[in-house]
Amino acid sequence: MTISVPVSGMKKDITIIGAGLVGSLLSIYLAKRGHRVSVFERRSDMRNEELSAGRSINLALSDRGLLALEKVGLAEEIKKICIPMHGRHIHNIDGSTAFQPYGKEGQYINSVSRGELNKRLMTIAEENGVGIFFNEKLEAINWKNESISFENTTGKQLPSSKADIIFGSDGAFSAARLQHQLQHDKFDYHQYYIDCGYKELSIPPTSEGDFALEPNALHIWPRKDYMLIALPNLDKTFTCTLFFPFEGELSFDKINTEEKVKQFFASNFADVVPLMPDYVNEFFANPTSSLVTVKCFPWVREDKFALIGDAAHALVPFFGQGMNCGFEDCRILDELIEKNGDNWHNILEQYQTLRKPDADAIADMAVYNFTEMRDKTANPKFLLQKKIEARLHEKYPDEWIPAYSQVTFSPQIRYSEALQRGQKQETIMQEVMGMPDIESKWESEEIEKIILERIKRR
Ligand SMILES: Cc1cc2nc3c(=O)[nH]c(=O)nc-3n(C[C@H](O)[C@H](O)[C@H](O)COP(=O)(O)OP(=O)(O)OC[C@H]3O[C@@H](n4cnc5c(N)ncnc54)[C@H](O)[C@@H]3O)c2cc1C
């Protein structure tokens, strides 16, 4: 099968490897610009299949992702399959709970089913003329004669195909990236696993058919070295994710019998156990997955090839930004197409120059946020710090934007800028939190003056 024939002029034959969230959205952007777009996906068409257990993850979609969807007219449609989450609902080990708003009033993030979102994006892509070829696993890219070969996982034999431009959006373990790396001198590649893995569990609706927990929040059971979180689904279930060490005293390695699982949950997550009737079975039936950060460079090859989404920058999920960042890649790329017209060399070069520092920044912030979520969200001093920051943001919305708000609710601020501003603010807050009697004078003019004076210093 010949999939595409290069043509001259503005319209390009573009091949995208991977019909995940980012590949599907990218195909919509490119098809809307009039290019002929073919997407090759290793898996079969998920629209014809049930989601497999333990792989149903829901994701937090925030303003960067929404802005990218809005630019192709999809934000409102996608919001229909989202549940707003206005803050963190913290479940302490003593059974007490606390609500921490994510931002100012009216700001929220959105819980969305990864599978449902992916299916919608694929269907919208096809409605825009994109061809999606399933069961096509990228095998090799020959950079000399620019041919791409796939293995059809149903056993069909296909000849290799050609394209003007190739995008690798085939995820954290990208085969496209490997092809690029193997035939690229001085390719930088860094891959870091954290010592925690994750496992999905679920909370069904109550016997009355209602949500078993407050639906408009992201629930967290922070326990220092591990944590459980739960995000709501439209069918009134919650998907829970246990982030837990692979090894050590309390770990996937050691908690390995029904008895131990029951005991562990009873002592650490007592309030949620009655809501999860099947958690022991799920614990053993669902996979334990690892979490990786990937940084690499270069992302592009002349005017021919670029990595995008997780293939370029896999993040750990603790800032809820992997998909949002990948969607933002698509928006920025599209703005560069608008600016540079047919000059794909410039488009890809500028895309890499702009996005690489931002992806590196959010990758580092995501690792840092792991400690914050599991360890600090239950700490009174940390909560006071967040209160001071929220108050400052309320009073001086331009001078002080908490790092979380910069990343989550301020798509006009680049991730790299958010990292820098966040670090500066954190240094100031560490000084302030170390002041004697801060608990009693945090709302005083004196403290406010010190903070404002520090933030104005370059
Ligand atoms: C536990 C967890 C929670 C997360 N939570 C959030 C969150 O709250 N918010 C957020 O923004 N992000 C979150 N993320 C990150 C988010 O899931 C990813 O950033 C996002 O899925 C990346 O999309 P992608 O299209 O780049 O890659 P993927 O979603 O991985 O898609 C890649 C596609 O390429 C296909 N493929 C792979 N190899 C080949 C091949 N050789 N040939 C052809 N096709 C191939 C795959 O089958 C897949 O369909 C989370 C991730 C995890 C693990």
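Residues numbered from 1 in each chain as written. Predicted model: local features only at pLDDT ≥ 70, side-chain atom pairs only at ≥ 80, totals over all residues. Heavy atoms only, no water.

> An account of the overall build of the chain is needed here, citing residue identities and associated values.
Along the chain, the regular secondary structure elements total 14 helices and 19 strands. For the chain, the C-alpha radius of gyration of 23 Å lies close to 23 Å, the compact-globule estimate for 458 residues. With the C-alpha coordinates of the chain rotated into their principal frame, the extents come out at 70 × 55 × 40 Å. The proportion of buried residues among the 458 residues of the chain is 54%. Summed over all atoms, the accessible surface of the chain reaches about 20,400 Å², with 50% contributed by carbon and sulfur. (Helix = DSSP H or I, 4+ residues; strand = E, 2+ residues; numbered from the N terminus. Rg over C-alpha atoms; globule rule 2.2 N^0.38 Å. Buried < 20%, exposed > 50% of the residue type's maximum accessible area, 1.4 Å probe, protein only. Areas by Shrake-Rupley, 256 points an atom, 1.4 Å probe, with all protein chains shown as cover.)

> Pulling in residues and values, what's your account of the pattern of salt bridges?
Counted according to the given criterion, the structure contains 28 salt bridges. For aspartate 13, the salt bridge identified is with arginine 36, shortest N-O distance 3.1 Å. With aspartate 13 in strand S1 (residues 13-17) and arginine 36 in strand S2 (residues 36-40), this residue pair connects regions lying 23 residues apart in the sequence. Its relative accessible area of 40% is what places arginine 36 among the partly exposed residues. Put simply, lysine 304 and glutamate 146 hold a salt bridge, and the shortest N to O gap is 3.8 Å. Residue lysine 304 is found in the loop between strand S18 (300-301) and strand S19 (305-307), and its partner glutamate 146 is found in the loop between strand S9 (136-142) and strand S10 (147-152); the two are separated by 158 residues along the sequence. Overall, lysine 304 belongs to the partly exposed group, its relative accessible area being 23%. What makes glutamate 146 partly exposed here is its relative accessible area of 30%. A cluster of three or more residues bridged by salt bridges with shared partners is formed by Arg64, Glu328, Asp329, Arg331, Glu335, Arg355, Asp358 and Arg414. (Salt bridge = Lys/Arg side-chain N within 4 Å of Asp/Glu carboxyl O.)

> Can you tell me about the sheet that holds strand S4 (residues 82-85), naming the residues and giving the values?
Spatially, three strands are ordered S3-S7-S4 in an open sheet, and the strand pairing comes out antiparallel. In this open sheet, the two edge strands, each paired with only one partner strand, are strand S3 (58-61) and S4. In this sheet, adjacent strand axes meet at a mean angle of 30° when their direction is disregarded. Sheet topology note: the S3/strand S7 (residues 109-113) ladder contains four bridges and is antiparallel. Note that in S7 the partner of leucine 61 across the bridge is asparagine 110. Where helix H4 (residues 114-127) meets the sheet, it contacts S3 and S7, and its direction lies at approximately 80° from that of S7. (Pairing = 2+ DSSP bridges. Axes fitted to C-alpha atoms, helices over the stretch in contact; angles between N-to-C directions. Contact = heavy atoms within 4.5 Å.)

> Explain the side chain of serine 169 to me, using residue names and the numbers behind them.
Relative to the elements of secondary structure, serine 169 occurs in the loop between strand S12 (165-168) and helix H5 (175-182). Within the local environment of serine 169, its side chain forms a polar contact with the backbone oxygen of glycine 18, the two atoms lying 3.1 Å apart. Those residues in contact with serine 169, other than ones at most four positions away along the chain, are Ile16, Ile17, Gly18, Gly23, Ile308 and Ala311. (Polar contact = N/O pair within 3.5 Å; in protein donor to acceptor, adjacent residues only side chain to side chain.)

> Requested: an account of the sheet that holds strand S15 (residues 227-232), with residues and values cited.
Working definition: the strands of a sheet are paired by backbone hydrogen bonds and lie parallel or antiparallel to each other. With respect to topology, seven strands assemble into an open sheet ordered S6-S5-S14-S15-S16-S13-S17, the strand pairing being mixed. Bordering the open sheet on either side are strand S6 (97-101) and strand S17 (289-297), each of which pairs with just one other strand. Ignoring which end each strand starts from, the neighbouring axes of this sheet average 25° apart. With eight bridges connecting them, strand S13 (residues 188-203) and strand S16 (residues 238-245) associate as antiparallel partners. Residue pairing in the sheet places isoleucine 203 in a bridge with phenylalanine 238 of S16.

> Mind laying out the nonpolar core, listing which residues take part and the relevant values?
By size, the foremost hydrophobic cluster in this structure holds 104 residues, and its most contacted members are Leu25, Leu69, Phe167 and Phe327. Look past the residues within four positions of phenylalanine 167 in its chain and what remains in contact with it is Ile14, Thr15, Ile16, Ile17, Leu26, Leu30, Ala306, Leu333, Trp344 and Leu348. Among the nonpolar cores identified, the runner-up in size contains 24 residues, and Ile83, Ile203, Trp221 and Phe269 belong to it. (Core = buried A, V, L, I, M, F, W, Y, C linked by side-chain atoms within 4.5 Å.)

> Please set out the side chain of glutamine 352 residue by residue, giving values where relevant.
Along the chain, glutamine 352 falls in helix H9 (residues 344-376). On the basis of relative accessibility, which here comes to 5%, the residue glutamine 352 falls in the buried class. Only 2.6 Å separates the side chain of glutamine 352 from the backbone nitrogen of tryptophan 299, close enough to count as a polar contact. Not counting the four nearest positions on each side in its chain, glutamine 352 is found in contact with Phe297, Pro298, Trp299, Val300 and Pro357.

> Before we move on, can you summarise the site of the ligand with the specific residues and values?
The immediate surroundings of the ligand are formed by 29 residues, with Glu41, Ala60, Arg114, Leu138 and Asp310 found nearest. Taking leucine 21, its main chain carries an N or O atom lying 3.3 Å from an oxygen atom of the ligand. In isolation the ligand has 1,000 Å² of accessible area, and contact with the protein removes 90% of it. Elements that contribute at least two residues to the shell around the ligand include exactly helix H1 (21-32), S3, S9 and helix H8 (322-340). In the shell around the ligand, the residues fall into 11 nonpolar, 10 polar and eight charged. (Near = heavy atom within 4 Å. Nonpolar A, V, L, I, M, F, W, Y, C, P; charged D, E, K, R; others polar.)

> Please set out the packing of aromatic side chains residue by residue, giving values where relevant.
Inspection of every chain in the model, using the stated rule, returns 25 aromatic pairs. When the ring of phenylalanine 265 is compared with that of tyrosine 279, the centres are 4.8 Å apart and the planes differ by 45°; the resulting orientation is tilted. In this pair, phenylalanine 265 is assigned in helix H6 (residues 258-268) and tyrosine 279 in helix H7 (residues 279-285), connecting sequence segments 14 residues apart. Since its relative accessible area comes to 8%, tyrosine 279 is described here as buried. Ring geometry for phenylalanine 319 and tyrosine 404: centres 5.6 Å apart, planes at 15°, overall stacked. Within this pair, whereas phenylalanine 319 is found in the loop between S19 and H8, its partner tyrosine 404 is found in helix H11 (residues 403-409), the two being separated by 85 residues in sequence. Given the relative accessible area of 9%, phenylalanine 319 is considered buried. Ring-pair connections join several aromatic residues into one group, and the members of that group are Tyr226, Phe244, Phe246, Phe252, Phe264, Phe265, Phe269, Tyr279, Phe283 and Phe284. Here the basic side chain of arginine 88 rests over the ring of tyrosine 404, its NZ or CZ set 5.6 Å away from the ring centre. (Phe/Tyr/Trp six-rings, centres within 6.5 Å; stacked < 30°, edge-to-face > 60°. Lys NZ or Arg CZ within 6 Å of the ring centre and 35° of its normal.)

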